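Fold and geometry: a report
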Amino acid sequence: MKKIEARNLVKNFGKLQVLKDISLTVDEGEVIAIIGPSGSGKSTLLRCLNKLEEIDRGTIIIDGKTLVQDTGTGVQYANDVEQREIVCRMGMVFQQFNLFPHMTVLQNLTEAPVQVQKRNIDEVTQEAKELLRKVGLIEKQDVYPLKLSGGQQQRVAIARALCMKPDIMLFDEPTSALDPELTSEVLQTMRNLAKEKMTMVVVTHEMTFAKEVANRIIFMADGIIQAEGTPEEVFGNIQNERLKNFLRAIEK
């Protein structure tokens, strides 16, 4: 089953066209790694998928539900109720952790499910504790975010996104703000999610993670998809000059 279908996406910021006719599909349980130089449109693509940014042209279908469709003269989004229902199917983890500093770790996890989804506080609290165990942070449930390391904060952010029970997880360079020694603990949490067949789209500069965990690699540059395929296809026989230059640059 297709979890994400994006067709012919165009996104402009003023006169700058950041996404130029981008199309991709993501199957259930698939892990997609999106790589490419800064400014290539990777993060903008993720933000368009969950409507943090609105597209100018194209169609986005999430889990069989149309978020936005191309009318031929522009785009038409689903109504507000449908939009919220569709967007709630996706959890998002950002470069910055965006945790509420005035709330404990546990409160960070339970706030949205209770306030937004109107779920039972006791039930949500139990689920939140299970998720904290899953990311190895149950002993930090009553701690405030500023008392945690960056890696711990990012693992809390992942648990918080999972607490909304999403079908799809979007990661926007989740390790880019971390010191190298803290990166591995976050990537391990993501590897575990991949083993559980969570559908994931990951914008990343971590090439080892992309090669080992992703089912498919998408290389973006200059607002278009320049190369796409399995890790073996993309890294094993590099035909695209733009990709060659990118990999050469990050290996230095």
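Quick notes on the rules
Each chain has its residues counted from 1, following the order in which its sequence is written. Note on the predicted model: pLDDT of at least 70 is required for a residue's local features to be given, and 80 or more for side-chain atom pairs to be given and counted; whole-chain, interface and lining totals, by contrast, use all residues. Here the side-chain values reflect all heavy atoms present in the structure, with hydrogen atoms and water set aside. Each residue gets one of three labels from its accessible area relative to the maximum for its type: buried under 20%, exposed over 50%, partly exposed in between, using a 1.4 Å probe on protein chains only. Numbering goes from the N terminus for both helices and strands, where a helix is a DSSP run of H or I of at least four residues and a strand is a run of E of at least two. Contacts were defined at the residue level, with two residues in contact if any of their heavy atoms lie within 4.5 Å. Note on geometry: axes are C-alpha line fits, over the in-contact stretch for helices, and angles between N-to-C directions span 0 to 180 degrees. When an angle is under 35 degrees it counts as roughly parallel; over 145 it counts as roughly antiparallel; between 65 and 115 it counts as roughly perpendicular; any other value is oblique. What makes a crossing left-handed is the near helix being turned counterclockwise from the far one by less than a right angle; a clockwise turn instead makes it right-handed. In this classification, Asp, Glu, Lys and Arg are treated as charged, Ala, Val, Leu, Ile, Met, Phe, Trp, Tyr, Cys and Pro as nonpolar, and every other residue, Gly included, as polar. Should DSSP find at least two bridges between two strands, the strands are taken to pair. The predictor attaches a confidence to each residue, and that confidence, scored 0 to 100, is pLDDT. Note on definitions: salt bridges are taken to be side-chain nitrogens of Lys or Arg within 4 Å of carboxyl oxygens of Asp or Glu.

Attention shifts here to helix α3 (residues 105-115). Restricting attention to buried positions, one finds in α3 the residues V105, L106, N108, L109, T110 and P113. The inward-facing, buried residues of α3 contact α4 (121-134) and α5 (150-162).

For the rest of this paragraph, the subject is the packing of α3 against α4. Two measures define how a pair of helices packs: the angle their axes make with one another and the distance between the axes. Where α3 contacts α4, the two axes come as close as 9 Å, and the packing angle between them is 130°. Considering their axes alone, α3 and α4 lie oblique with respect to each other. Seen from above, α3 lies across α4 with right-handed handedness. Here α3 contributes V105, L106, L109, T110, P113 and V114 to the contact with α4, which in turn contributes I121, V124, T125, A128, K129, L131 and L132. Here the residues of the contact of α3 with α4 are counted per class, giving 10 nonpolar, two polar and one charged.

Attention now moves to the side chain of R89. One can find R89 in the loop between α2 (80-87) and β7 (90-93). On the basis of relative accessible area, R89 is assigned to the buried category, the value being 16%. For R89, the contacting residues outside a window of four places in its chain are D63, K65, P166, D167 and I168.

Moving on, we come to the sheet that holds strand β2 (residues 16-27). Sheet architecture is open: five strands sit in the order β2-β1-β4-β5-β6, paired in antiparallel fashion. The sheet is open, and its two edges are formed by β2 and β6 (75-77), each paired on a single side. Across the sheet, the mean angle from the axis of one strand to that of its neighbour is 15°, orientation sign disregarded. Here strand β1 (residues 2-13) runs beside strand β4 (residues 57-62); their pairing, made up of five bridges, is antiparallel. Following the sheet pairing, V10 is matched in β4 by R57. Running at roughly 115° to strand β5 (residues 65-70), α2 makes contact with β4, β5 and β6 of the sheet.

What follows concerns the confidence of the model for the protein. Mean pLDDT over the protein: 94, with 100% of residues reaching 70 or higher. Averaged pLDDT values over the elements of the protein bottom out at 86 in helix α9 (residues 241-251) and peak at 98 in β4.

In this section: the sheet that holds strand β8 (residues 168-172). Taken together, six strands build an open sheet; the order of strands is β7-β8-β9-β3-β10-β11 and the sheet is mixed. Among the strands making up the open sheet, the edge pair consists of β7 and β11 (224-229). Averaged over all pairs of adjacent strands, the angle between strand axes in this sheet comes to 15°, irrespective of strand direction. Bridge count for strand β3 (residues 31-35) against strand β10 (residues 216-221) is four bridges, and the pairing is parallel. When the sheet's bridge partners are listed, I32 is paired in β10 with R216. Across the sheet, α5 is in contact with β7 and β8; its angle to β7 comes to roughly 170°. Of the strands in this sheet, β3, β10 and β11 are in contact with α9, which crosses β10 at around 95°.

Its location among the elements puts Q152 in helix α5. The contact partners of Q152, leaving out residues within four places of it in the chain, are L137, K140 and E185.

Once that is clear, we can look at the pattern of salt bridges. Across all of its chains, the model carries 19 salt bridges by this definition. Across the salt bridge formed by D70 and R57, the nearest N and O atoms sit 3.2 Å from each other. Of this pair, D70 sits in strand β5 while R57 sits in strand β4; the two residues are 13 residues apart in sequence, bridging distant segments of the chain. For D70, a relative accessible area of 28% puts it in the partly exposed group. Between E196 and K134 there is a salt bridge, and its shortest N-O distance comes to 2.8 Å. Here E196, found in the loop between α6 (180-195) and β9 (199-203), pairs with K134, found in helix α4; they are 62 residues apart in sequence, far enough to count as distant.

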